[in-house]
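Read off the chains here:
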Amino acid sequence: MHTDITLTVDGHSRALRVDTRTTLLDALREHLRTTAPKKGCDHGQCGSCTVLLAGRRVVSCLILAAAADGAEVTTAAGLAPEGREHPLQRAFVDHDGLQCGYCTPGQICSAAGVLEEAAAGWPSAATPPGEPAEGQAVPLTDAEIRERMSGNLCRCGAYAGIVAAVGEAARAAEAADPAATEAQSGGAR
Ligand code: FES
Ligand code: FES
């Protein structure tokens, strides 16, 4: 059985016909030739297919394309405005947060989700009990970053660089716009 769907991928509206069993990952890669998200395990275990779906990070191999009909999908290739570099992309380069690069688009999308979630005050398993205070962001310590990025595996073992890169991007985001961080935290109440 097939169905017609529309996805907005990295700012471009795309119409396509898919088998109802097609995953979002296969729709992106095989139907739309959007190759930033990578297929590693195809079982939700490695994180290499991570994209932002309506602003939230998801593993696209576990989402049916038909269920994402009408949604906005952002891949690592579309995180920054065309021709520009996202601070996370620069930080990954500066801190050697990659080796072969296969996991990197998923790592960067996941990291973008981490920055938003921490700024909104969402605790993780690494957050001390009772924190953050209401309306406050969660500081992205190395332990927080490791926990929050634990769904993204790197066979090259570039984890030290990945943690450093996400930490730097978090500090840069806060320094650039501390008011926005506060506002996001307030919005999560
Ligand atoms: S390919 Fe989706 S989690 Fe591994
Ligand atoms: S850089 Fe090679 S798998 Fe992560």
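Scroll up a little and you will see the structure.
Residues numbered from 1 in each chain as written. Chains lettered and ligands numbered in written order. Predicted model: local features only at pLDDT ≥ 70, side-chain atom pairs only at ≥ 80, totals over all residues. Heavy atoms only, no water.

1. Some words on the overall build of the protein chain
The following threshold applies: Counting from the N terminus, the helices are DSSP H or I runs at least four residues long and the strands are E runs at least two residues long. Using C-alpha atoms as the atom set, the radius of gyration is obtained and then compared with a globule rule of 2.2 Å times the number of residues to the power 0.38. A 1.4 Å probe rolled over the protein chains alone gives each residue an accessible area, and that area as a share of the maximum for its type sets the label: buried under 20%, exposed over 50%, partly exposed in between. Note on areas: these come from Shrake-Rupley sampling with a 1.4 Å probe, and a residue is covered only by the protein chains present in the view. The charge count treats Lys and Arg as positive and Asp and Glu as negative. His and the chain ends do not count. Lysine's charge is taken at NZ, arginine's at CZ, aspartate's at CG and glutamate's at CD.
Summing up its helical and strand segments, the protein chain has six helices and five strands in all. Secondary structure elements of the protein chain occur, N-terminal to C-terminal, as β-β-α-β-β-β-α-α-α-α-α. Taken over C-alpha atoms, the radius of gyration comes to 17 Å for the protein chain, in line with the 16 Å a tight globule of 189 residues would show. Seen through its principal axes, the protein chain has C-alpha atoms that stretch 50 × 35 × 35 Å. Counting every position in the protein chain, which comprises 189 residues, the buried fraction comes to 45%. Approximately 9,800 Å² of the protein chain is accessible, and the part contributed by carbon and sulfur atoms is 50%. Of note, the protein chain has its 16 positive side-chain charges centred 6 Å away from the centre of its 23 negative side-chain charges.

2. Describing the sheet that holds strand β3 (residues 50-53)
The cut-off we apply is this: Pairing between two strands is assigned when DSSP locates at least 2 bridges connecting them. The axes are straight lines fitted to the C-alpha atoms, using for helices just the contacting stretch, and the angles between their N-to-C directions are given from 0 to 180°. Any pair of residues with heavy atoms lying within 4.5 Å of one another is described as a contacting pair.
Taken together, the five strands give an open sheet; going across it, the order is β2-β1-β5-β3-β4, and neighbouring strands pair in mixed fashion. Here the strands that pair on one side only, and so sit at the sheet edges, are β2 (12-19) and β4 (56-59). Pairs of neighbouring strands in the sheet enclose a mean axial angle of 40°, with direction left out of account. Where β3 and strand β5 (residues 72-74) come together, two bridges link them in antiparallel fashion. Looking at the pairing, Leu53 lines up with Val73 of β5. Strands in contact with helix α1 (residues 24-31) are β1 (2-9), β2, β3 and β5; relative to β2, the strand with the most contacts, it is inclined by about 110°. Sheet contacts for helix α3 (residues 104-119): β3, β4 and β5; angle to β3, the most-contacted strand, approximately 45°.

3. Observations concerning the nonpolar core
Convention followed: We define a nonpolar core as any set of buried Ala, Val, Leu, Ile, Met, Phe, Trp, Tyr and Cys residues linked to one another through side-chain atoms lying within 4.5 Å.
Formed by 24 residues in total, the largest nonpolar core has its most connected members in Leu88, Phe92, Leu115, Leu140, Ile162 and Val166. For this core, the secondary structure elements donating two or more residues are α2 (87-94), α3 and α5 (159-176). Setting aside residues up to four positions removed in sequence, Phe92 forms contacts with Gly97, Leu98, Thr104, Gln107, Ile108, Ile162, Ala165 and Val166. Judged by nonpolar contacts, the second largest core, of 16 residues, contains Val9, Ala65, Ala71 and Val73.

4. Brief notes about the pairing of β2
In terms of strand pairing, β1 meets β2 through eight bridges, oriented antiparallel. Within β2, the residue paired with Thr6 across the bridge is Ala15. Taking the residues that link successive antiparallel strands as the turn, the β1-β2 hairpin has two residues, and the phi of Asp10 there is positive, at about 50°.

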